[in-house]
Amino acid sequence: MYLISVPNLPPVFSVHIEASSLYFLYKANVTVDTTIELLLKCFQAHVKDVFDYKFNCAGQDLQSTDTLKNLGLKIDGNKCNEGDYIQAVRIPFKLYVKM
């Protein structure tokens, strides 16, 4: 019999993304090492509309290379604490007029 060691995987927890323009919450199962870029791609695949979005948390825009650990979201057990959420903000279209 062979013993196979499995690395200690980070715990999975749920984070809620508030999309005020769409009037719903999006729930994603993530780890503390999840990047904002990956989370944004999953959110946009779920929403399925033509708009681009950016995330902000506590009034600051989140960068694509940020991880949830870097954001300082407080994780209690398997969920974020009350009041810790990420907000999806729709990026308006830029119209270019050729003169």
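Residues numbered from 1 in each chain as written. Predicted model: local features only at pLDDT ≥ 70, side-chain atom pairs only at ≥ 80, totals over all residues. Heavy atoms only, no water.

Asks: Is there a simple way to think about the overall build of the chain in this case?
Replies: Helices and strands together make up the secondary structure of the chain, namely two helices and seven strands. Traced from its N-terminal end to its C-terminal end, the chain shows the element sequence β-β-α-β-β-α-β-β-β. Residue burial in the chain is summarised as follows: out of 99 residues, 30% are buried. At a minimum sequence separation of 6, the contacts of the chain that also span at least 24 residues come to 58%. If you sum the accessible surface of the chain, you get close to 7,600 Å²; carbon and sulfur atoms cover 55% of it. (Helix = DSSP H or I, 4+ residues; strand = E, 2+ residues; numbered from the N terminus. Buried < 20%, exposed > 50% of the residue type's maximum accessible area, 1.4 Å probe, protein only. Contact = heavy atoms within 4.5 Å. Areas by Shrake-Rupley, 256 points an atom, 1.4 Å probe, with all protein chains shown as cover.)

Asks: In this structure, what is going on with the side chain of Ser14? I would like to understand it.
Replies: By the element assignment, Ser14 lies in strand 1 (residues 13-19). On the basis of relative accessibility, which here comes to 16%, the residue Ser14 falls in the buried class. Separated by 2.9 Å, the side chains of Ser14 and Asn29 make a polar contact. (Polar contact = N/O pair within 3.5 Å; in protein donor to acceptor, adjacent residues only side chain to side chain.)

Asks: Help me understand the confidence of the model for the chain in this model?
Replies: Regions with low pLDDT carry predicted coordinates that are not meant to be interpreted in detail. Per-residue confidence for the chain gives a mean pLDDT of 76, with 75% of residues at or over 70. When mean pLDDT is compared element by element in the chain, helix 1 (residues 36-47) scores highest at 89, while strand 6 (residues 79-80) scores lowest at 50. (pLDDT = per-residue confidence, 0-100.)

Asks: Got a minute to help me understand helix 1 in this structure?
Replies: Three or four residues apart is the spacing at which side chains of an α-helix point the same way, because the helix has 3.6 residues per turn. For helix 1, which comprises 12 residues, the first-to-last C-alpha distance of 16 Å matches the rise-based estimate of 16 Å (1.5 Å per residue) to within 8%. Residues of helix 1 that are buried: Ile36, Leu39, Leu40, Phe43 and Val47. Across the axial projection of helix 1, the buried residues extend over an arc of 100°, all falling on one side. Taken from the residues just after helix 1, Lys48 is the one with a positive phi, measuring 55°. (Expected span 1.5 Å × (residues − 1). Arc of directions from axis to C-beta.)

Asks: What exactly am I supposed to notice about the pattern of salt bridges here?
Replies: Two side chains with opposite charge may pair up if their charged atoms get near one another. Under the criterion given, the structure shown has three salt bridges. Residue Lys41 pairs with Glu37 through a salt bridge whose shortest N-O separation is 4.0 Å. On the criterion of helical spacing, the pair formed by Lys41 and Glu37 is a turn pair, its members being four residues apart in helix 1. On the accessibility criterion, Glu37 (42% relative accessible area) is partly exposed. (Salt bridge = Lys/Arg side-chain N within 4 Å of Asp/Glu carboxyl O.)

Asks: Would you mind showing me how to read the side chain of Asp66 here?
Replies: For Asp66, the position within the fold is in the loop between strand 4 (60-61) and helix 2 (68-71). Nearest to the buried, unbridged Asp66 among oppositely charged side chains is Lys69, at 13 Å. In contact with Asp66, other than residues within four places in its own chain, are Thr34, Thr35, Ile36 and Leu71. (Lys, Arg positive; Asp, Glu negative; His and termini not counted.)

Asks: What exactly am I supposed to notice about the nonpolar core here?
Replies: Side chains of nonpolar character tend, in soluble globular proteins, to be buried together. Within the largest apolar cluster, 21 residues are counted, with the highest numbers of intra-cluster contacts made by Ile17, Leu39, Phe43, Phe55, Leu68 and Ile86. At the level of elements, strand 1, strand 2 (24-30), helix 1, strand 3 (52-57), helix 2 and strand 7 (86-91) are the ones that each hand at least two residues to this core. In terms of residues, this core owes the most to one element, helix 1, which gives five residues. Those residues within four positions of Leu39 in sequence are excluded, and the remaining contacts are Val15, Ile17, Ala28, Val30, Phe55, Leu68 and Ile86. (Core = buried A, V, L, I, M, F, W, Y, C linked by side-chain atoms within 4.5 Å.)

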